[in-house]
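Residues per chain, in single letters:
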Amino acid sequence: MTAALEPAAPTTPTRRFLGWRMVWVAFFVDFIAVGFFFYSYGVFFKSIAAEFGDSRFGVAIGISLTNVVGALLAPIIGRALDRYPLKRVQTTGAIAMGVGFLLLGFVDNAVQFYIVLGLFIGFGAGAMGQLATSKLVASWFVRKRGTALGIAATGISVSGVVMPSLSAWLIEQFSWREGFMIYGVITLALVVPLVLRLVISRPEDVGLRPDGAMSDAPLPPPIPPEPLSRYLRNRNFWALVATIGLLFGCQGATLVHMVPLLTDRGFSLISASAVMSMTAALGIGGKLICGWLVDRWPVRNALWLGIAFQVAGLVIMMQMQNYYAFMAGAALFGFGMGGVVPMQGAIVGAAFGRDAFGRVLGAMRPPMAMIQILGVPYAGWIFDATGSYEIAQYTFLGCYALAVVTVGMLRVDTTHA
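Here the structure is a predicted model, which is why all the values come from computation and not from measurement.

**Focus on the side chain of Thr243**
Now for step 1: Take Thr243: it is sitting in helix H9 (residues 235-256).
Now for step 2: You can call Thr243 buried: its relative accessible area is 0%.
Now for step 3: When sequence neighbours within four positions are dropped, the list of residues in contact with Thr243 reads Ala403, Thr406 and Val407.

As structure tokens, this is what we get:
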């Protein structure tokens, strides 16, 4: 690599803000990587189902397939994130995801649809999205890691505020195909140059230390890297896998089927999308508040708080037919859902260290996905069989109860990481 391509040492005024620049880069990349697909998929749901057989289970399989591919590749991506410059991995992922969105505009059948989702969207989201952005932020922060991860993760929620309504408008004005193609152009035109220009893997690459300190500032004692087999025997590893897998499975199913559920009750696509956007908006507060709490409070308490909000919101959405009462439940659910996201990265960073972050988080994804991917297709299958989501919703309440137990198994203090 030539000297011209090496990161330049920052000037004194820039030093104190460089870590936060990485946070805002992560914010934007998460906005695209997660929001463009995950928060839009529920809005596109019925349009895709109508074209490919009108089965909600079949469409739900699409997002689960994306998660499966991302999970299977996560250990490889995680090792790459620990070994190579982050900008290279994220750029590769952004190109794959952008091309995948473009190809969705040309698929002719369900098989082609699944292939594009798996090969392009699944890999792209994993390589450019939360695994990479969490690694980036965790590398730049130690004492303020929870807060920084919470701010970065709000990119997902902001996208959730914007994308459902935008996706509904695109479907009504054009079609679901053109909507995804527009997202592909945006991904290639904005994310790729941003990552190449701004991403710096570690503060040490430019003569700094985490949390904006100078290179000669003291650091907390590092956690030495260990063989991956040692991490797999760590109690926190499996407690976190079970907890996050259960929560993400319930959250994903509730969100993806939220718009179809509301339109089934007679509300318009625009009105249903507005509820989903509001859910994401409350997630912003959840990420910021719980990210702040996890730097100051035992992580088990913060996770239990997030679960309590989700359960309260789900119960209200199950019971209430009124639009505004349902929206109130969705608000509670969104706050609790948002709070879970920064805690995952904070726990991994505290328990396993910065240098092993990508490897450990990547190793968690496959077993976590085996739990997580069941939620969306299960809810679709229940609806196809019974014409209602009620049985699925009661199942999710049981999963939340199990998550309360697995949270109690965690033994890590993020307030001193």
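**Section: helix H5 (residues 130-140)**
Now for step 1: In terms of burial, H5 is largely enclosed, as ten of its eleven residues are buried.
Now for step 2: Considered for burial, the residues of H5 that qualify are Leu131, Ala132, Thr133, Ser134, Lys135, Leu136, Val137, Ala138, Ser139 and Trp140.

**Side note on empty space enclosed by the protein**
Now for step 1: Taken as a whole and assessed by the stated rule, the structure comprises four cavities of 30 Å³ or more.
Now for step 2: Its volume calculated, the largest cavity comes out at about 720 Å³.
Now for step 3: Looking at the largest cavity, it is lined by 31 residues, and the ones nearest its centre are Val34, Phe38, Asn67, Gln130 and Gln372.
Now for step 4: Looking at the lining of the largest cavity, the elements that each hand over two or more residues are helix H1 (12-51), helix H2 (56-83), helix H4 (110-128), H5, H9, helix H13 (323-352) and helix H14 (357-372).

**Remarks on the packing of H9 against H14**
Now for step 1: Across the interface, H9 lies against H14 with an axial gap of 8 Å and an inter-helix angle of 50°. With respect to each other, H9 and H14 are oriented oblique. Here the hand of the crossing between H9 and H14 comes out right-handed. Where H9 approaches H14, its residues Phe237, Trp238, Leu240, Val241, Ala242, Ile244, Gly245, Leu246, Phe248 and Gly249 are matched on the opposing element by Val360, Ala363, Met364, Pro367, Met368, Ile371 and Gln372.

**A word on the state of the cysteines**
Now for step 1: For the structure on display, the rule yields zero disulfides.
Now for step 2: Cysteine Cys399 shares no disulfide, and the gap to the nearest cysteine sulfur, in Cys250, comes to 4.4 Å.
Now for step 3: The class for Cys399 is partly exposed, based on a relative accessible area of 24%.

**Section: the confidence of the model for the chain**
Now for step 1: Model confidence for the chain is summarised by a mean pLDDT of 82, while 90% of its residues fall at 70 or above.
Now for step 2: Confidence scores differ between elements of the chain, with helix H8 (residues 228-232) showing the lowest mean pLDDT of 71 and helix H3 (residues 86-104) the highest of 93.
Now for step 3: A low-confidence stretch, residues 1-6 stays under pLDDT 50, and its non-local contacts, those more than four residues away or across chains, total two contacts.

Scoring rules and cut-offs
Residues numbered from 1 in each chain as written. Predicted model: local features only at pLDDT ≥ 70, side-chain atom pairs only at ≥ 80, totals over all residues. Heavy atoms only, no water. Helix = DSSP H or I, 4+ residues; strand = E, 2+ residues; numbered from the N terminus. Buried < 20%, exposed > 50% of the residue type's maximum accessible area, 1.4 Å probe, protein only. Contact = heavy atoms within 4.5 Å. 1 Å grid on protein atoms, 1.4 Å probe; cavity = no way out; pocket = protein on both sides within 12 Å on 5 of 7 lines; lining within 4 Å. Points joined across faces, edges and corners; volume = space filled by probe spheres on them. Axes fitted to C-alpha atoms, helices over the stretch in contact; angles between N-to-C directions. Parallel < 35°, antiparallel > 145°, perpendicular 65-115°, else oblique. Left-handed = near helix turned anticlockwise from the far one by under 90°. Disulfide = S-S within 2.5 Å. pLDDT = per-residue confidence, 0-100.

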